[in-house]
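Geometric and topological summary
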Amino acid sequence: AKPIKVHKGSFPSWGDDSGKPAKTLYFSHFSDKAIYKATIADDGTVSNIKPHKTGITSNSDNHMQGSPDGKKVAFRERNTVYIVNTGTGKKVSAGSGCHPSWCANSEWLIHASKQVVRHDGTKHKYGIGGAYHYGSSANMKWFVTRTGFSNYKDQNHGKECKIYNLK
């Protein structure tokens, strides 16, 4: 696969239109305190790069991610994960932790304190055991998480991935 440069940024996530010929990519840009969005065509053409939500955080942490539906942003400020509604600006706490990652349905967020939190801040009944790098299936039946984290030297060095069936 040939990589295509989109823009400077981190914590990318696909919009819920990712199966369409023109899809949305969200990514954070810490120095701008913003989540950006770009349109990516099936042929790899990148267009419409612009800020989606600005003024997100003021601390020295860049863990920010846009939800697939584009209606929410999750970010870490100091040691707490927050969720902001991009339309109303309402901010709710998702608890202490870091590395927020949206589930495919934009309803749930998982972060590194092993918390699964609804967009309104309420916690899910399931404890998902993992350290970092999360995801969910489109139907929300499955979660995947990276496990085997013992120290910061190995957090990204391919220990194990586990899946959880949330029937």
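Just above, that's the structure.
Let me begin by describing the structure that accompanies this report. As a convention, each chain's residues are numbered from 1 in the sequence order in which they are written. A pLDDT threshold of at least 70 governs which residues receive local features in this predicted model, and a stricter bar of 80 or more applies before side-chain atom pairs are shown or counted, although totals over entire chains, interfaces and linings include all residues. Note that the side-chain values use all heavy atoms of the structure and ignore hydrogens as well as water.

To continue, consider the packing of aromatic side chains. Put simply, two rings from Phe, Tyr or Trp (the six-membered ring, in Trp's case) pair if the centres are within 6.5 Å, and we call them stacked under 30 degrees between planes, edge-to-face over 60, tilted for the rest. Counting across every chain of the model gives two aromatic pairs. Between F27 and Y36, the ring centres sit 5.7 Å apart and the planes meet at 15°, which makes this aromatic pair stacked. Judged by its relative accessible area of 4%, F27 falls in the buried class. Only protein chains enter the accessibility calculation, which uses a 1.4 Å probe; a residue is then buried when its area is under 20% of its type maximum, exposed when over 50%, and partly exposed in between. Take Y36: its relative accessible area is 11%, and that puts it in the buried class. Here, a charge over a ring is recorded when the distance from Lys NZ or Arg CZ to the ring centre is within 6 Å and its angle to the ring normal is within 35 degrees. Over the face of the ring belonging to W102 we find K72, whose NZ or CZ atom lies 5.9 Å from the ring centre.

Right, let's talk about the pairing of strand β8 (residues 91–96) for a bit. Following DSSP output, two strands are said to pair if at least two bridges run between them. Per the convention used, a helix needs a DSSP run of H or I reaching at least four residues, while a strand needs a run of E reaching at least two, with both numbered from the N terminus. Two strands pair when backbone bridges link them, and strand β7 (residues 80–85) and β8 are joined in this way by four bridges, in the antiparallel orientation. The residue of β8 that forms the bridge with Y82 is S93. Once β7 ends, the chain turns through five residues before running back antiparallel as β8, passing G89 with a positive phi of about 80°.

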